[in-house]
Amino acid sequence: MQQPEKGSWSPYLAGALSGVVAVLSVWFTGKFFGASTSFVRTAGMIEKLFNPERVARMEYFIKETPEVEWQWMFVVGILVGALIASVTSGSFRWQGLPDMWRERFGAASGLGRFLTAFIGGAVLMFGARLAGGCPSGHGLSGVMQLSVSGFIALICFFAGGLVVARLLYGGGKER
């Protein structure tokens, strides 16, 4: 078994803490993990600045009010928690391009990286809205409830990640 890098958090501790946060989320708010709706609500909040009447009439935003709520704060908490973890572990640094990407694709891949990330994000959000939630929501929260669909979502999530990582990084071969 590979040991965590010096200064990084134990994956077992991080996993256990994630489980505790998931249980506390359900206990105190009655809500399971999820994040994708917060991005759509943020788009609604931005659109409200320019055309509030249109947002008020949209069926989706009548159901999912574009406002700062628990899930939006959950996403902010992920960002803040990641920042705290990286600073306390000593691994934080400002970096425009990850070393692994630079080694695999070169430094001059800026537009390609942007287009890949943008298109991937758009496909991901379309799929999340089509499925009624994101993979983390369906996978992690579904598994917590011992839901068959949760296990299927989590298996597909990891299988897709393995395939894409293999395509992008060549199966971890040293270069």
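Residues numbered from 1 in each chain as written. Predicted model: local features only at pLDDT ≥ 70, side-chain atom pairs only at ≥ 80, totals over all residues. Heavy atoms only, no water.

(A) Molecular detail of the overall build of the protein chain. Within the protein chain, the regular secondary structure consists of nine helices and zero strands. Tracing the protein chain from N to C terminus, the helices and strands come up as α-α-α-α-α-α-α-α-α. Based on the C-alpha atoms only, the size of the protein chain along its principal axes is roughly 55 × 40 × 35 Å. A burial count over the protein chain gives 19% of its 175 residues as buried. Across the protein chain, the fraction of contacts at a sequence separation of at least 24, relative to all contacts at a separation of at least 6, is 52%. If you average the places of the 15 positive and of the 10 negative side-chain charges in the protein chain, the two averages end up 6 Å apart. (Helix = DSSP H or I, 4+ residues; strand = E, 2+ residues; numbered from the N terminus. Buried < 20%, exposed > 50% of the residue type's maximum accessible area, 1.4 Å probe, protein only. Contact = heavy atoms within 4.5 Å. Lys, Arg positive; Asp, Glu negative; His and termini not counted. Charge placed at Lys NZ, Arg CZ, Asp CG, Glu CD.)

(B) Looking closely at the side chain of Ser86. Take Ser86: it is sitting in helix α5 (residues 70-89). On the basis of relative accessibility, which here comes to 16%, the residue Ser86 falls in the buried class. Apart from residues no more than four positions distant in its own chain, Ser86 is found in contact with Ser91 and Phe92.

(C) Representation of helix α1 (residues 11-29). Taking 1.5 Å per residue as the helical rise, α1 with its 19 residues ought to reach 27 Å, and the 26 Å between its terminal C-alpha atoms agrees with that figure. Of the residues that open α1, the one with a side-chain oxygen 3.2 Å from the backbone nitrogen of Tyr12 is Ser10. Just downstream of α1 lies Gly30, where phi reads positive at about 75°. (Expected span 1.5 Å × (residues − 1). Polar contact = N/O pair within 3.5 Å; in protein donor to acceptor, adjacent residues only side chain to side chain.)

(D) Focus on the environment of Gly19. Counting through the fold element by element, Gly19 comes out in helix α1. Taking relative accessible area as the criterion, Gly19 reaches 31% and is therefore assigned partly exposed. Distance from Gly19 to Ala108, taken between C-alpha atoms, is 40 Å for residues 89 residues apart in sequence.

(E) Quick look at helix α7 (residues 110-131). If you check α7, its first and last C-alpha atoms are 31 Å apart, about what 22 residues at 1.5 Å a residue would give, namely 32 Å. Gly132 lies just past α7 and shows a positive phi near 80°.

(F) Just the side chain of Gln71, in detail. With respect to the secondary-structure elements, Gln71 resides in helix α5. Setting aside residues no more than four positions away along its own chain, Gln71 makes contact with Gly34, Ala35, Ser36, Thr37 and Ser38.

(G) Spatial organisation of a nonpolar patch on the surface. There is a patch of nonpolar side chains on the surface, built from Val20, Val23, Leu24, Trp27, Phe28, Phe32 and Met144 and spanning about 730 Å² of accessible area. It is α1 that provides the largest number of residues to the nonpolar patch, a total of five residues. Relative to the helices and strands, Trp27 is located in helix α1. (Patch = residues over 30% accessible without salt bridge, like charges linked within 9 Å, V, L, I, M, F, W, Y side chains within 5 Å. Areas by Shrake-Rupley, 256 points an atom, 1.4 Å probe, with all protein chains shown as cover. Salt bridge = Lys/Arg side-chain N within 4 Å of Asp/Glu carboxyl O.)

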